Structure formats: C-alpha cells, structure tokens
Amino acid sequence: MQLMKKFLLSIDQGTTSTRTVLYDAKFKYVDQAQTEINQFYPKPGYVEHDAEEIWDKTYKTLKKLLKKHDLKPSQIISIGITNQRETILGWNSKTGKPICKAIVWQDRRTSEFCDSLKKMGLESEIKEKTGLLLDPYFSASKLTWLKNRSKTQFLRKTTLFGTIDCYLLWKLTQGKVYATDITNAARTSLFNLSTLDWDQDLIKIFDLQGIKLPEIKKNADNFGTTNLFGGEIKISGMAGDQQAALFGQACFETGQVKSTYGTGCFLILNTGKEILRSDNKLLTTIGYKLNNDVTYALEGSIFVAGSLIQWLRDKMQFITSAPESEKLAKLANNDSEVSIIPSFTGLGAPHWRPELKAAIHGLSLETSREDIILASLEAIAFQTRDLLEAFKNDGAGIKSIKIDGGMANNDLFGQILSDVLSIEIFKPSNIESTSLGAAYLAGIGSDHVKLSELADIWKADKLFKSKKSYEVKYKRYLSRLNSLV
Ligand code: ADP
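Given the structure is predicted, the values throughout are model-derived calculations rather than measurements.

Draft legend 1. Expanded view of the sheet that holds strand β16 (residues 265-272). Strands sit in the order β17-β18-β16-β15-β21-β22-β23 across an open sheet of seven strands; the sheet is mixed. The open sheet is flanked by β17 (283-290) and β23 (460-464), the only strands paired with a single partner. The average undirected angle you get between the axes of adjacent strands in this sheet is 30°. As paired strands, strand β22 (residues 424-428) and β23 are joined by four bridges and run antiparallel to one another. Looking at the pairing, Lys 427 lines up with Lys 462 of β23.

Right under this line is the structure:
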C-alpha cells in the first residue's frame, strides 16, 4: 500500500538554510531535511553565497528524504521550488560552474552606484517600470558590478545569469531548462510590471546590454523534469519565498494579507488585477501568475523581527531560547514605559532609514529584563503598525492578517499584534507557509489540484482578537522614533 502513496516535494532555498519538505497528496506535512548554508562576508557590506554549495545541499536534502521514506520517483507528483529572492549569480553553461560567488540580497556593495543613478534622476523611471525602489537590495545593480569586474566573461556566449531558483532548475534539469518565474523576475529591477517581460530600457539604464536572461514562466507551469533520482520527476511550481508564503496562506482574494515573522518581517497584500502604486515607499510587485491571470501585490518589509529575539538570546543573554521570550514577557510590568527601536540595520519600510542605529528608551531603576523582552515583542508589532498605516495611506485598508514564520509560534506576540493593529490575526495550522505555497503551485502545475480546492485546505489554528488599546504606547514609540537622528 505504501508504494501507492503519492507525495509532493518542496524545495525551500532560504538565506540561512536549504530545506526540502515532503507533503502528502493532500498537502499534509510529512517530513523535512534541512542544512545550513555558509555565509561569506569578504568585505564590509558584502554578503555572498556559494551557489555550488547551495546546489549540492539541495540535492542532498532531496535525496535524503526520498531515501528515508523509501520513495520512488514515480510516487512524486511534482517538485515545487521557492527561494531567497534577488540573490544573483552567473554560471558557465558548458560546465555548470558559477563564474563568481552569488551576490546575496543583503549585499550593499552597489550603494554608490545606485546613488549615482539617483543623481542622474533615473529613480522615478525605474520605480514606474518595476514598482521597486532604486536600492542595492534588488539584483540589477549587482549584475552591473559583475559586468564591471569582467566584461569579457560577462558577455561570453556561455555565461548565463539568473536568480537562485533559475540556477537550481538548470541544475535539476541538467542544463535543459533555463527559466525563472515571474515573481523572481519581478525582483531583479529588469522586469517591467506592465509588459510582464524583461525591459530593454532598464537593461540600458543598468548598462547590461548583451546580458543573457532566462525565460519567464508562470508560477504553476511546465518547468521540465529532473532525472537525477533514478527516474523522471516533474517540476511544476516556482515562486520567490514571500510570494510562495502568500500562496501557502491561501491569500487568493483581493485584500487578503499575510505577514511572515522570521529573521525579518514581510507583509504582502493581494491587490488583485490592479497595479497599486505606493506613495509611501511600499513595493509594488507580482503576487502570482496562473494561466493568463496576473495577481499583483503590495509589499512592506521590516529588517528586524525574529532577529531581535535572537539578539536578546545571544547577545543580552536574557533568554536561553526564543520560546522563553513568551514566558518571561508575561511577567513584565505592563505599566513600564520602555520602548525599543530595533533599527540594528537601519529601518526598512515605510521609513527606509538605512543609517539609523537601534535604541532603547524609557529605562528606570525599576526596569527588568522581562520589561525589555515585552518591549521587544511590542516593537515588532509597532513596526507592523507603521506598515499598516502606510498601506492605509496608499488606499489599502487591511482588515485581518494571516501570520507565519518562527515568531508565529509565540501566542503572546499574536495577541499583542492584534491589540496594536486592532484587527484579527489568524495563525494557520501549518506555519511553514513558504514551502507549502511551493507545494500548492507544484500541485496546480501538475494538474493534481485546482486553485478552488486549495482555499478549503487552509485551516486556521488560532484567532487573536483585539482586547485592549495600545494607542498610548504606540504614540510614545512613534514620537521616540521620530526624534532619533
Ligand atoms: P527564517 O526563515 O528567516 O530563518 P524562521 O521563520 O525559521 O526564520 O524563524 C526564526 C526566527 O523566529 C528566529 O529569529 C527566532 O528568534 C524567532 N522565533 C522562533 N520561535 C519564537 C518564539 N516562540 N518566540 C519569539 N520568536 C521566535
């Protein structure tokens, strides 16, 4: 009987680790294999990954899961891929060898170049075409850096460029398929949101004429097959990590929102068929494309969320594990006036203040570690409120949020979030929305499931409703934030 059972595999290639997750045919989580990946910091502001290592570890996690569960390729309905977005590399199409280390989304080496484009007055054109801000975060300026390093190598016929999804697909299909998906393409700064294709003007602006770029596919599509595991397995789903989470949270209706609280926080609103342009420094992007229908999205990202909890654990040593933050915050003095501005790496949306340092305000001799832990949970909720205000000012009122990521395990945080935002917060039964989203897309792409069936599979595990007002504390945080220079 076991032999007859069918499964889906989801590759979730993140910034700090690579994992493969096994789902049964009804999208119930079965198991996962995970490995950390090395981070390289060759100079201040530089962040790199070794793409060969990423591929090797991805391959091994797939193999390990298949072996552990004694699965034949014929039992795998399909593979879905989701990945860290914006990270870019080039490789040789003959040997498969990367021509360089992958330049990671966090890498700031192209700050000056981006500033020079700003001075040339190009930001509004880039924003209009891409929906993104002009920032080193996105892939295009990183490609310019690669071109400047070696023009000959850059323009060589055998050099291919792509984001991590594209490289993994190329490796899985042994060089047969050179393609990316529309959500990953939309984060490169070379993709035009209106024409839904690579944009020659953008390619010129970033001085990338002659570059080879992959075919852009839908999120549920025929991405080819892999033959590396003793038989053919289809690959039929692909999306960048935050869009995969949007999909995994079944945010299929206009107005639905998911917010992922991992290392950072990424909040994405489904804006339907409409391209909603932000006047408040949010990003306009693709949510997903199925058949010929494109669903757009508005995104806000906060750099520090779970990493604040890690800081409390590793640097302050206030807690020994992340879950302990919940237990201790419950013992805090609720009248404490402590507030934390966790801008360890500057502030992201909607403030975009890269130079700001973190601060703790309102300390007294009464202040305890518990108060600081509570203030940390509140700080992440306050930053989400800042995002929500920006969405509101852009004309997108948010009525409820589905949360996921590591911090979604903290029920006190869920309650604080609901109180601070005065809206309902849903926590799904499977908080691994990212890998689930890729599995859903693979399911659709292989005709295993229909979109209409997926909304019924999604289940809430918990609902947090607003119980008390946080206005005084939020206003105090805001005035302290605004006073920081
Ligand atoms: P990523 O995918 O960015 O690596 P995860 O979604 O795995 O992140 O979440 C890990 C983050 O969540 C860590 O920063 C950790 O501090 C935080 N975290 C995990 N569990 C809890 C918890 N119970 N309470 C607060 N924070 C938590």
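There's plenty left to go through after this.
Draft legend 2. Region of the structure containing the side chain of Asn 83. Structurally, the position occupied by Asn 83 is in strand β5 (residues 76-83). Assessed through its relative accessible area of 0%, Asn 83 is described here as buried. Side chain to side chain, Asn 83 and Asn 184 meet in a polar contact 3.0 Å long. The residues touching Asn 83, leaving out its near neighbours within four places in the chain, are Gln 13, Ile 164, Asp 165, Asn 184, Ala 239, Gly 240 and Asp 241.

Draft legend 3. View of the environment of Arg 385. Positionally, Arg 385 belongs in helix α12 (residues 369-393). Expressed as a C-alpha distance, the spacing of Arg 385 and Asp 24, which sit 361 residues apart in the sequence, is 37 Å.

Draft legend 4. A look at the nonpolar core. Counting 67 residues, the largest nonpolar core has Tyr 261, Ile 398 and Ile 401 as its most contacted members. Sorting elements by how many residues they give to this core places α12 first, with 13 residues. In this structure, Ile 398 is in contact with Val 257, Leu 267, Leu 269, Leu 388, Phe 391 and Ile 423, ignoring residues within four places of it in sequence. By size, the runner-up hydrophobic cluster in this structure holds 65 residues, among which are Ala 51, Ile 126, Ile 205 and Leu 208.

Definitions and limits used
Residues numbered from 1 in each chain as written. Predicted model: local features only at pLDDT ≥ 70, side-chain atom pairs only at ≥ 80, totals over all residues. Heavy atoms only, no water. Pairing = 2+ DSSP bridges. Helix = DSSP H or I, 4+ residues; strand = E, 2+ residues; numbered from the N terminus. Axes fitted to C-alpha atoms, helices over the stretch in contact; angles between N-to-C directions. Buried < 20%, exposed > 50% of the residue type's maximum accessible area, 1.4 Å probe, protein only. Polar contact = N/O pair within 3.5 Å; in protein donor to acceptor, adjacent residues only side chain to side chain. Contact = heavy atoms within 4.5 Å. Core = buried A, V, L, I, M, F, W, Y, C linked by side-chain atoms within 4.5 Å.

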